[in-house]
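Given next are the chains, with one letter for each unit.
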Amino acid sequence: MAKKLELFLTFARISASCFGGGYAMLPFFQQELVEKKGWLTDEELLDLNAVAQCTPGVIAVNTATFCGYRTRGVSGALCATLGILAPPILIVLVISAFFWTYADNPWVQYALTGIRACVCALIINSTVKLYKKAVLDVPTLLIFLGAFVLAAFVGLSPAILVIAAGAVGLALQALRKGADR
């Protein structure tokens, strides 16, 4: 029971302290789940996040659900999911009561601009850390560059990119095994 409560509180804390959704939460997931708690490795977090992007729903919720399941099974998935959802539901309820009254206030606009800039910096920091763990050789560098170009300049769906990158990784592994024989 204590582990399930810890799951709920960990994901509630992550969720309550983040702005910007699943990608913005990635550095928080990495710090809490990998560095502090040791529930996942960097590689496992990358894998969970990739699967979370391919499945229907919100990336942060999917990642929390998968991590909870990995840690404590179905009940852990439920605790992590409720933890990640509780703070934004409460915050949105409070904000919605006041937002339209203050949305045009310059101070609110300045604060939101600062928050967006900070979220970008956090995402870049997390990306650099995860890049070091994911890009291991020339083939993975080429997969990374191809996915980046297709996402940034072509606008290809992340789900398609993840599936295609997985297929290319499988094909490369089959070629490597064939060459070893």
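Residues numbered from 1 in each chain as written. Predicted model: local features only at pLDDT ≥ 70, side-chain atom pairs only at ≥ 80, totals over all residues. Heavy atoms only, no water.

## A short note on helix 6 (residues 138-154)
One turn of an α-helix holds 3.6 residues; hence residues three or four places apart share an orientation.
(1) Moving on: Taking 1.5 Å per residue, 17 residues should reach 24 Å; helix 6 reaches 23 Å between its end C-alpha atoms and fits that length.
(2) Moving on: One or two steps after helix 6, the chain reaches G155, where phi turns positive at roughly 80 degrees. (Helix = DSSP H or I, 4+ residues; strand = E, 2+ residues; numbered from the N terminus. Expected span 1.5 Å × (residues − 1).)

## Details of helix 3 (residues 42-54)
(1) Moving on: For helix 3, built from 13 residues, the straight-helix expectation of 18 Å at 1.5 Å per residue is met to within 8% by its first-to-last C-alpha distance of 19 Å.
(2) Moving on: For helix 3, the set of buried residues is D42, L45, L48, N49, A52 and Q53. All buried residues of helix 3 fall inside an arc of 135 degrees around its axis, so they share one side. (Buried < 20%, exposed > 50% of the residue type's maximum accessible area, 1.4 Å probe, protein only. Arc of directions from axis to C-beta.)

## Overview of the environment of V168
(1) Moving on: Structurally, V168 can be placed in helix 7 (residues 158-180).
(2) Moving on: A residue is classified by how much of its surface remains accessible, and V168, at 38% relative accessible area, is partly exposed.
(3) Moving on: Linking V168 and I143, residues 25 residues apart in sequence, is a C-alpha distance of 7.8 Å.

## Some thoughts on the packing of aromatic side chains
(1) Moving on: Tallied over the entire structure, the rule returns five aromatic pairs.
(2) Moving on: Plain terms: the ring middles of F144 and F148 are 6.5 Å apart, the flat faces sit at 20 degrees to each other, and that makes the pair stacked. Of this pair, F144 and F148 both sit in helix 6, four residues apart, roughly one helical turn.
(3) Moving on: Its relative accessible area of 32% is what places F144 among the partly exposed residues.
(4) Moving on: F148 gets classed as partly exposed once you look at its relative accessible area, which sits at 47%. (Phe/Tyr/Trp six-rings, centres within 6.5 Å; stacked < 30°, edge-to-face > 60°.)

## Let's talk about the side chain of E32
(1) Moving on: Mapped onto the elements of the fold, E32 is located in helix 2 (residues 22-36).
(2) Moving on: For E32, the contacting residues outside a window of four places in its chain are T10, R13, I14 and K37. (Contact = heavy atoms within 4.5 Å.)

## Focus on the packing of helix 3 against helix 5 (residues 106-134)
What describes two packed helices is the angle between their axes and the distance between those same axes.
(1) Moving on: At a minimum axis separation of 10 Å, helix 3 and helix 5 run at an interaxial angle of 105 degrees. By the angle between their axes, helix 3 is roughly perpendicular relative to helix 5. In this structure, helix 3 contributes D42, E43 and L46 to the contact, and helix 5 contributes L130, K133 and A134.
(2) Moving on: Looking at the contact of helix 3 with helix 5, its residues break down into three nonpolar, no polar and three charged. (Axes fitted to C-alpha atoms, helices over the stretch in contact; angles between N-to-C directions. Parallel < 35°, antiparallel > 145°, perpendicular 65-115°, else oblique. Nonpolar A, V, L, I, M, F, W, Y, C, P; charged D, E, K, R; others polar.)

## A word on a nonpolar patch on the surface
(1) Moving on: On the surface, Y131, V138, L142, F144, L145, F148, V149, L150, F153, V154, L156 and I160 cluster together into a nonpolar patch covering about 1100 Å² of accessible area.
(2) Moving on: It is helix 6 that contributes the most residues to the nonpolar patch, nine residues altogether.
(3) Moving on: Tracing the chain through its elements places V138 in helix 6. (Patch = residues over 30% accessible without salt bridge, like charges linked within 9 Å, V, L, I, M, F, W, Y side chains within 5 Å. Areas by Shrake-Rupley, 256 points an atom, 1.4 Å probe, with all protein chains shown as cover. Salt bridge = Lys/Arg side-chain N within 4 Å of Asp/Glu carboxyl O.)

## Focus on the packing of helix 3 against helix 7
(1) Moving on: At a minimum axis separation of 8 Å, helix 3 and helix 7 run at an interaxial angle of 130 degrees. Here helix 7 runs oblique to helix 3, going by the angle between their axes. As for how helix 3 packs across helix 7, the hand of that crossing is left-handed. Facing A50, Q53 and C54 of helix 3, the residues of helix 7 in contact are P158, A159, V162 and I163.
(2) Moving on: The class makeup of the residues in the contact of helix 3 with helix 7 is six nonpolar, one polar and no charged. (Left-handed = near helix turned anticlockwise from the far one by under 90°.)

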